[in-house]
Amino acid sequence: MLSNTNWFSTHAISDRLTRVWEPHVHSFFRANMFHVVGRDADLVIDFGMGIADLRSALRIPSGKPVLAVATHVHVDHVGSFHEFETRLGHAAEAEAFARMPDADTLADYFRKQPEALTTAAPTGITPEAYKISPAPLTKALAENDIIDIGDASYTVLHLPGHSPGSIGLLDQRTGEFFSGDAIYEGGLVDDLPGCDIEAYKITMNRLSVLDVDVVHGGHGLMFGRDRLWEIAMSYLASKEG
Ligand SMILES: [Zn+2]
Ligand SMILES: [Zn+2]
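Read on for a plain summary of the structure. This is a predicted model, so every value here is computed, not measured.

**Some thoughts on the nonpolar core**
Here is a general trend for soluble globular proteins: nonpolar side chains tend to be buried in one another's company.
Alright, step 1. Judged by nonpolar contacts, the single largest core of 35 residues is most densely connected at Leu54 and Phe81.
Alright, step 2. Put simply, the parts of the chain that give this core at least two residues each are α1 (54-58), β5 (66-69), α2 (75-78), α3 (94-99) and α5 (107-112).
Alright, step 3. Look past the residues within four positions of Phe81 in its chain and what remains in contact with it is Phe47, Ala68, Val69, Ala70, Arg87, Leu88, Phe97, Ala135 and Leu137.

Structure (structure tokens):
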């Protein structure tokens, strides 16, 4: 059985940004988590399945403040959210974070997924017995809120469509953009409970003209501004006619 520390895979994108993922989770549920080391606080974006202890795997210096931001309440992004004390997410999903009902997290899809895990989880949890720990928000976010970690700050963009409270975080100074599941490299999802295609089209129009340098999505690898435009345009084209 894998230990907690080698459950996660990590890639240091830079000396201040690490991408974290769970290679032994079925690809549908294998989401990205990001750890940004800030001057005054660290920022952790998204929290995987919660079947291993994420916080200790991140090796954050003890005593350093940590801002935990969930891009939305889906099962593959909130499992370890409860491990963090300061929890931020969009107000539209505040009630869902507090109770983590299947209707919002879609955890039942994971329980029913054949070969949901390719190896046993460090906690011994099985997909059939899977549960998400409630993680009430300590602050509900809205469009234009600022998340400040000292040497970088991120503007909250409300990007509904994939889910009602989907958000992105944009550093307007550098163009670094964390987009959650609003947009990423790979098949986008707009046909699950809670999805809203009309709202998603508005979000895609907005994203297509967003001034970014690099996009870190909720799934897949990072990409640039041109690819952001292409993905948004191909989504919009697929909804025409
Ligand atoms: Zn999602
Ligand atoms: Zn996802």
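On we go.
**A few points about the coordination of the zinc ion (ligand 1)**
Alright, step 1. Bound to the zinc ion (ligand 1) are the protein donor atoms His72 (NE2), His74 (ND1), His162 (NE2) and Asp181 (OD), situated 2.1 to 2.3 Å from the metal.
Alright, step 2. Its four donor atoms give the zinc ion (ligand 1) angles of 88 to 173° at the centre, a pattern that matches the irregular case.
Alright, step 3. Binding-site remark: the zinc ion (ligand 1) is held by donors from one chain whose sequence spacing is H-x1-H-x87-H-x18-D.
Alright, step 4. Between the two metal centres, the zinc ion (ligand 1) and the zinc ion (ligand 2), the spacing is 3.4 Å, with Asp181 acting as a shared donor. Of this pair, His74 sits in the loop between β5 and α2 while His162 sits in the loop between β9 (153-158) and β10 (167-170); the two residues are 88 residues apart in sequence, bridging distant segments of the chain.

**Focus: unusual backbone geometry**
Alright, step 1. At Leu106, a residue that is not glycine, the phi angle is positive and equals roughly 65°.
Alright, step 2. Relative accessible area serves as the criterion here: at 4%, Leu106 is assigned to the buried category.
Alright, step 3. Even without being a glycine, Asn144 presents a positive backbone phi close to 80°.
Alright, step 4. Within the secondary structure layout, Asn144 lies in the loop between β7 (139-141) and β8 (146-148).

**Side note on helix α6 (residues 197-208)**
Alright, step 1. Its twelve residues place the ends of α6 16 Å apart at the C-alpha level, agreeing with the 16 Å of an ideal helix rising 1.5 Å per residue.
Alright, step 2. Restricting attention to buried positions, one finds in α6 the residues Ala199, Tyr200, Thr203, Met204, Leu207 and Ser208.
Alright, step 3. Where α6 is buried, its residues meet β11 (176-180) and α7 (225-238).
Alright, step 4. By the N-cap criterion, in which a side-chain oxygen at the helix start approaches the backbone nitrogen of a residue two or three places on, α6 is capped by Asp196, the distance to Glu198 being 3.1 Å.

Parameters at a glance
Residues numbered from 1 in each chain as written. Chains lettered and ligands numbered in written order. Predicted model: local features only at pLDDT ≥ 70, side-chain atom pairs only at ≥ 80, totals over all residues. Heavy atoms only, no water. Core = buried A, V, L, I, M, F, W, Y, C linked by side-chain atoms within 4.5 Å. Buried < 20%, exposed > 50% of the residue type's maximum accessible area, 1.4 Å probe, protein only. Helix = DSSP H or I, 4+ residues; strand = E, 2+ residues; numbered from the N terminus. Contact = heavy atoms within 4.5 Å. Donors = N, O, S within 2.8 Å, 3.2 Å for Na, K, Ca; no water. Tetrahedral: all angles 85-135°; square planar, octahedral: opposite > 155°, others 65-115°. Expected span 1.5 Å × (residues − 1). Polar contact = N/O pair within 3.5 Å; in protein donor to acceptor, adjacent residues only side chain to side chain.

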